[in-house]
Amino acid sequence: MRWNRLRRSHLVRYLSGSFRKKLLVSFIAISVVPLVLCGFVMITVFRHKLRQENHTEAMEEISQECELLTGRMEEISSSMEALQGQEMIQSGLSRKNSGDAEVNGLLYEKTQEARNFARFDLLDADGVCRYTTGQGQNGESLPAYFGILGMAEEQPASMAVWACRTGSGSTESNTEVRIRCARAVQDGNGETVGYLTATVTKENLERLLASSLPSRDGILLVNRWYEEVYATTTAHQLDAAAVLRSALFAADGDPELEGFETYARPVGDTGLTVILMKRPLFDVAMEHAMHRLVLLFAAISLSICALASVKVSQNFTKPILVMNRAMGEVKKGNLAVRIPEGRTDELGQLSSSFNAMTERIDQNLQERIENEKQLNEVRIAMMQAQLNPHFLYNTLDSIKWLAKAGGVPEIAQLSSKLAKILRTAISGEPMITLAEEFSLSENYASIQNIRFANKFVFTFSLPAFLRERKVPKLILQPIVENACIHGLEESDEGTVEVTAVQDDGFLILTVADSGSGIPEDMFVRINTHNWEGIRGHLGLSNVDRIVRMNYGDRYGLRAERPAEGGTRIQILLPPGNTEGGKQDGSGDTPGTDRG
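Residues numbered from 1 in each chain as written. Predicted model: local features only at pLDDT ≥ 70, side-chain atom pairs only at ≥ 80, totals over all residues. Heavy atoms only, no water.

K.L.:
Before we move on, could you go through the overall build of the chain and cite the residues and values that matter?
P.N.:
When its secondary structure is counted, the chain shows 15 helices and 17 strands. Of all 595 residues assigned to the chain, the portion counted as buried reaches 41%. Restricting the contact set of the chain to residue pairs at least 6 apart, pairs at least 24 apart contribute 64%. Surface accessibility of the chain: about 32600 Å² in total, with carbon and sulfur atoms responsible for 53%. (Helix = DSSP H or I, 4+ residues; strand = E, 2+ residues; numbered from the N terminus. Buried < 20%, exposed > 50% of the residue type's maximum accessible area, 1.4 Å probe, protein only. Contact = heavy atoms within 4.5 Å. Areas by Shrake-Rupley, 256 points an atom, 1.4 Å probe, with all protein chains shown as cover.)

In structure tokens, the structure reads:
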């Protein structure tokens, strides 16, 4: 079971390896397998048909042979029965001379039909031949108390048959004699006065049994002990009688001869059996030859299938491989790849569709990039536009209240710093250095100190090596403004600390205040970047969106609640390339703005 599973897994891996292998296996399954199956089925049907015909022919032949032999034996028996009751025969045997013409005439007359098959003799009670249908047989004798004459004495009412064995141990001195038949001749008192015998020779049997037999087949006549009585040359050379006798009397014997099919039929009640040895029309050699022929055709078909599969698979797999490589390039992001066109079939149509698809995708991607770029520029411009009026409104509001209070020197200072902020805000450059961004925030802090009468302390710390780092403009000032307006709104005094550091792959701008702390909902919005439905705090939401649109979703705002109180808002930016300064903090330009 494990071996079968292992073979199946190897087959699955083999077939899943390439289209060419699948095509080859498909061709073999379609052509070679049916050819081999049909070939072997044809051989099986052909063998069965020939065996059936051979069996039918053999049964007809052995029936014919057996009927011939049975008919001749019945003729012998009828002739003996006709002679046995003749008084002339009885009186002729009682006389000592053998020249009685009437007895000879009667012997010839009654044996006329059977003489072509057997020689008839009249023997006296001592077994001496007195009359014969043959030549030179007078004076010959047979033992009267055993053998065929003894059998005839024991069964006077029927004909006795003696089958003579051939070869060594034969009881006949004349090896041509094969069958002897005998019947006792008795007088009116039941006394045996002689015997009627019929002798069948090898020549008689050969003329009767083998004359119409095909030379490739054999005939065998055996007695009740399966000893050879007569055999054709083929059967005699194979010693067929001994082989069949051994097989018949074995415990699990099957009376068969190698290379022959045997058919047996008894000859009446004579104790003789006719055995037909028939060579099968479809033998092992022919079966092997047909199997080799089928396998040869299968090998030729397999070779043709292999060549055809190679040609067909090349025709299919070459454009598929080209298309697969092109898809791999597309997967890598190369939308400029194209498949050579030139085929007019389905694969050509597929190549054309692929080229049109990649071209359209490339166009769509370029259009999308351009649209996204334009949309981002519009969004950033809109957000910056939101920041500028918002800040401008608050600043002008402060100037208004100061002006109402009376002419004071602070108005000139306030106006100067506001002009610097506005000049930067309305400039066309979307990116400024950190030094400029810190300067904007310091100006804003000075304005707020004037507005809130120096209630708050602003601290700015920017390392020298980060001063030239480019960042989107107006991202730090809205955070400082949020710390003043919302964090320290209800405080009489407080601090706002602004720092810039580069750490752990980030440029971190931090605005920390000591105010009342950030509300929970705003804390969650900042850290999840969820600004849907936001009302107020436009500065925070716009800064977060500007940073994320410029640098990606990894960056943006982050809120923390320090243990000592207040709020810490951080802007996470990529580190970028910086020039000058050291990352350990040397070269810082700290500043403190306090009223």
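K.L.:
With reference to specific residues and values, describe the packing of aromatic side chains.
P.N.:
Under the counting rule described, the total for this entry stands at three aromatic pairs. Measuring from centroid to centroid gives 6.3 Å for Y551 and Y555, while their planes differ by 75°, and the two rings are edge-to-face. Among the aromatic residues, ring-to-ring pairing joins F506, Y551 and Y555 into one connected group. Residue placement shows R224 over the ring face of W225; its charged tip is 5.9 Å from the ring centre. The ring of F523 carries R561 above its face, with NZ or CZ at 4.2 Å from the centroid. (Phe/Tyr/Trp six-rings, centres within 6.5 Å; stacked < 30°, edge-to-face > 60°. Lys NZ or Arg CZ within 6 Å of the ring centre and 35° of its normal.)

K.L.:
So what about a nonpolar patch on the surface? Which residues, and what values?
P.N.:
A cluster of nonpolar side chains, namely L35, L293, L296, F297, I300 and I304, defines an oily patch on the protein surface of about 530 Å² accessible area. Tracing the sequence through the fold places I304 in helix α9 (residues 284–332). (Patch = residues over 30% accessible without salt bridge, like charges linked within 9 Å, V, L, I, M, F, W, Y side chains within 5 Å. Salt bridge = Lys/Arg side-chain N within 4 Å of Asp/Glu carboxyl O.)

K.L.:
Provide a residue-level description of helix α4 (residues 101–110), including the pertinent values.
P.N.:
All of the buried residues in α4 are V103, L106 and L107. The buried residues of α4 occupy an angular sector of 100° when the element is viewed end-on, so they sit on one face. Structural note: α4 exposes A101, E102 and E109 on the side pointing more than 90 degrees away from its buried face. (Arc of directions from axis to C-beta.)

K.L.:
Report on the sheet that holds strand β9 (residues 272–278), specifying residues and quantitative values.
P.N.:
The sheet built from four strands is open, its strands ordered β7-β6-β9-β8 with antiparallel pairing. Edge positions in the sheet fall to β7 (228–231) and β8 (261–267), since each has one partner strand and no second. Neighbour-to-neighbour, the strand axes of this sheet turn through a mean angle of 20°, independent of strand direction. Strand direction decides the pairing type here: strand β6 (residues 218–222) and β9, joined by five bridges, are antiparallel. Bridging from a neighbouring strand, L221 pairs with V274 of β9. Together, β6 and β7 form the strand contacts of helix α6 (residues 202–210), whose direction differs from that of β7 by roughly 55°. Packing of helix α8 (residues 240–249) onto the sheet brings it into contact with β6, β7, β8 and β9, and relative to β6 it is tilted by some 65°. (Pairing = 2+ DSSP bridges. Axes fitted to C-alpha atoms, helices over the stretch in contact; angles between N-to-C directions.)

K.L.:
Tell me about unusual backbone geometry, and name the residues and values.
P.N.:
Although it is not a glycine, Y226 sits at a positive phi angle of roughly 55°. Its place among the elements puts Y226 in the loop between β6 and β7. By relative accessible area, Y226 is classed as buried at 15%. A positive phi angle, close to 60°, is found at L474, a residue other than glycine. In this fold, L474 is placed in the loop between β12 (470–472) and α13 (477–487). Under the relative-accessibility criterion, L474 is labelled buried at 3%.

K.L.:
I'd like to hear about the packing of helix α3 (residues 87–94) against α4, residue by residue, with values.
P.N.:
The description of two helices packed together rests on the angle between their axes and the distance between the axes. Close contact between α3 and α4 brings their axes to 10 Å; oriented N to C, the two are set at 130°. What the angle tells us is that α3 and α4 run oblique. The crossing of α3 and α4 is left-handed. Contacts from M88, I89 and G92 of α3 reach α4 at E102, V103 and L106. Across the contact of α3 with α4, the residue classes tally to four nonpolar, one polar and one charged. (Parallel < 35°, antiparallel > 145°, perpendicular 65-115°, else oblique. Left-handed = near helix turned anticlockwise from the far one by under 90°. Nonpolar A, V, L, I, M, F, W, Y, C, P; charged D, E, K, R; others polar.)

K.L.:
With reference to specific residues and values, describe the nonpolar core.
P.N.:
Counting residues in each nonpolar core, the largest one holds 45 residues, and the members touching the most others are L509, I526 and I571. Those residues within four positions of I571 in sequence are excluded, and the remaining contacts are I475, L476, I479, L507, I508, L509, V543, V547, G556 and L557. Grouped together as the second largest cluster of nonpolar side chains are 42 residues, I76, L93, V229 and Y263 included. (Core = buried A, V, L, I, M, F, W, Y, C linked by side-chain atoms within 4.5 Å.)

K.L.:
Please provide a residue-by-residue account of the sheet that holds strand β5 (residues 192–201), values included.
P.N.:
Strands pair in a sheet through their backbones, by hydrogen bonds, and they do so in one of two ways: parallel or antiparallel. One open sheet holds the five strands; their spatial order is β2-β1-β5-β4-β3, and the pairing between them is antiparallel. The open sheet has two free edges, formed respectively by β2 (129–132) and β3 (160–163), since each of these has just one partner strand. Neighbouring strand axes in the sheet, compared pairwise and without regard to direction, differ in orientation by 25° on average. When β3 meets strand β4 (residues 177–186), the two strands line up antiparallel, connected through four bridges. Looking at the pairing, A160 lines up with A182 of β4. Along the sheet face, helix α5 (residues 147–154) touches β1 (119–124), β3, β4 and β5 and points at about 155° away from the line of β3.

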